[in-house]
Amino acid sequence: MKVVKFGGSSLADATQFEKIIHIIQQDPERRAIVVSAPGTRFKGDIKVTDLLIQYAQAVRNHEPLEDVQTEIIDRYRNIASHFAVPDAVMEHISAVITGLARQSFTDQDHQLAAFKAHGEFLNAYLLSQILTKLGLPTKFMDPRTVGFEVAGPVNDAQVTPATYDHLAAYQTSTDYLVFPGFFGINEADGTIATFSRGGSDITGSIVAKGLHAKVYENFTDVDAIYSVDPHIVPNPKSISKMTYREMRELSYAGFSVFHDEALLPVIEAQVPINVKNTNHPDLPGTLIVPEQGFQPAGLVTGVASSKGFSALYLHRYLLNKEVGFTLRLLRILYKYGISYEHMPSGIDDLTIIFDNRELTPKTVQAMCEDIRTELHPDQLEWIDHYAIIMIVGEGMQLSPNTIEKIIRPLTDHDINIHMINEGASKISIMLGTDEADAEQSVKLIYQHFFDNNRIFTD
């Protein structure tokens, strides 16, 4: 069995539904289908999930509901009418949408999660009804009846081991199994809890592991995963095959095609992932595979950058000799509820890199004052507008001078590098630069390794 997941752009309207149905029917092994909520149909359009968020806010603020209810219902109605599904299908969808406004919720987080999840829930229900009308034996995999259990925060849930046991019962099913992505049912109280961003990717990965899938096909709106962001470098080289850990490293640094958390279940089950384009399904896409037996095609697989970071540089002589110094520093971070991204260090120097979403100006000021008071650094510098650049490739292990090759084009162009950190996996090198230099750095590194055809002989 293959698991296929379709993103919001693949399900935006009836025309896109026609495409995914053709894809499903093209391969008899595509029996498990995970769907997102309908996405945008054209530039300036709004996703159904965003409409549901507006709906939840209107309910919360006791505002008029009819317009937003109608807009959501019409998105599904336009698809249902195209396929001439029975009237009862749209009657059910309309009743569920209007009924959301009458439900009672324990708190606002639960309310918002419940509203948002219905984009996927109703899309999966509608697709299951369309497939049934087309004569395909189909089962709508309602998380409440399937036993798709999750635990943890209502908007950052984690799947429970019991879910895999429940999914295992469907391994030999001959029906088409249609799963709504993005959410599960909280094992503690039976309420809806959503995964983090990119949650339908996570659902697809969970289903692939639970069904012991042959492959997890993730259909989106790009032909492949590229070696660099096409917004930075036009027409970049596509990646035909890469490893799980290469994808995780690049996802962290800004590759948005595949949510990095979604890799974890398939890594555990060693299920290959094939990222493909719904609009060009015959193209091979990008295959993401286990590391064992992988043969890299070049030194570097991809280059990514991510902005929105800050860094705290701390200098103190004999820092490395002081037992408990780092522990005391981490206790200060803990006091303010701040996590850090990276902490490269030397004998007298230490840099802590933070995601700005974790910070407020008031917290930063108080944290730095505590560090000065408790740790007495010789120098303390806060660096704003910090960017991280990640250079990733399994082939980097085969070259003894990879760092020199990466840094050379930057220093040749007078780009200041604040930090160099080689990952413990030996397949990634991280650089810290000013945000203003990030895109130029990515272009130069990409040009050096790809445009000039430098592989192992450079």
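Reference entry: report on the structure contained in this document.

Quick notes on the rules
- Within any chain, residue numbers begin from 1 and follow the written order of that chain's sequence.
- At least 70 in pLDDT is required for a residue's local features to be given in this predicted model, at least 80 for side-chain atom pairs to be given and counted, and no such filter applies to totals for whole chains, interfaces and linings, which use all residues.
- Where side-chain values are given, they derive from all heavy atoms of the structure, hydrogens and water being excluded.
- We treat two strands as partners when DSSP finds at least two bridges between them.
- Numbering of helices and strands runs from the N terminus; a helix is a DSSP stretch of H or I covering at least four residues, while a strand is a stretch of E covering at least two.
- Throughout this description, buried means an accessible area under 20% of the type-specific maximum (1.4 Å probe, protein chains only), exposed means over 50%, and partly exposed covers the range between.
- Starting at the helix axis, one direction is taken to each C-beta atom, and the arc is that of these directions.
- A contact between two residues is defined here by any heavy atoms of the two lying within 4.5 Å.
- Interaxial angles span 0 to 180 degrees and are taken between N-to-C directions of axes, which are lines fitted to C-alpha atoms, for helices over the stretch in contact.
- The term salt bridge refers to a side-chain nitrogen of Lys or Arg lying within 4 Å of a carboxyl oxygen of Asp or Glu.

### Focus: the sheet that holds strand β5 (residues 158-159)
Next, step 1: On the basis of which strands lie adjacent, the open sheet formed by 4 strands has the order β5-β4-β7-β8 and mixed pairing. In this open sheet, the two strands that pair with only one neighbour each are β5 and β8 (192-194).
Next, step 2: Where strand β4 (residues 149-151) lies against β5, 2 bridges are found, and the strand directions are antiparallel. Following the sheet pairing, alanine 151 is matched in β5 by glutamine 158.

### Some thoughts on helix α11 (residues 325-335)
Next, step 1: Those residues of α11 lying buried are Phe325, Leu329, Ile332 and Leu333. Along the long axis of α11, the arc covered by the buried residues comes to 100 degrees, so they all point the same way. Every exposed residue of α11 that faces more than 90 degrees away from the buried side is listed here: Arg331, Tyr334 and Lys335.
Next, step 2: Taken together, the buried residues of α11 touch β15 (302-315), β16 (349-355) and α12 (361-375).
Next, step 3: Where α11 terminates, the next one or two residues include glycine 337, which has phi positive at roughly 65 degrees.

### Quick notes on the sheet that holds strand β6 (residues 176-180)
Next, step 1: Spatially, the 8 strands line up as an open sheet ordered β3-β6-β2-β1-β9-β13-β14-β12, and their pairing is mixed. At either margin of the open sheet sits one strand with a lone partner, and together these are β3 (138-140) and β12 (241-243). The sheet shows a mean angle of 20 degrees between the axes of neighbouring strands, taken without regard to direction.
Next, step 2: With 3 bridges connecting them, β3 and β6 associate as parallel partners. Note that in β6 the partner of lysine 139 across the bridge is leucine 177.
Next, step 3: Packing against the sheet, helix α9 (residues 244-252) makes contact with β12, β13 (273-277) and β14 (286-289), and its axis sits at approximately 85 degrees to β12.

### Section: the pattern of salt bridges
Next, step 1: Across all of its chains, the model carries 18 salt bridges by this definition.
Next, step 2: A salt bridge links lysine 214 to glutamate 29; the nearest nitrogen and oxygen atoms lie 3.2 Å apart. Here glutamate 29 lies in the loop between α1 (14-26) and β2 (30-35) and lysine 214 lies in the loop between α8 (199-210) and β9 (215-220), a separation of 185 residues in the sequence.
Next, step 3: Residue classification places glutamate 29 among the partly exposed positions, given a relative accessible area of 29%.
Next, step 4: One salt bridge in this structure joins glutamate 404 and arginine 408, with 3.1 Å as the shortest N-O distance. In this pair, glutamate 404 and arginine 408 both sit in helix α13 (residues 402-411), 4 residues apart, roughly one turn of the helix.
Next, step 5: Three or more residues are tied together by salt bridges with common partners; here these are Lys2, Asp27, Arg30 and Glu217.

In short, shape yes, function no, at least from these values alone.
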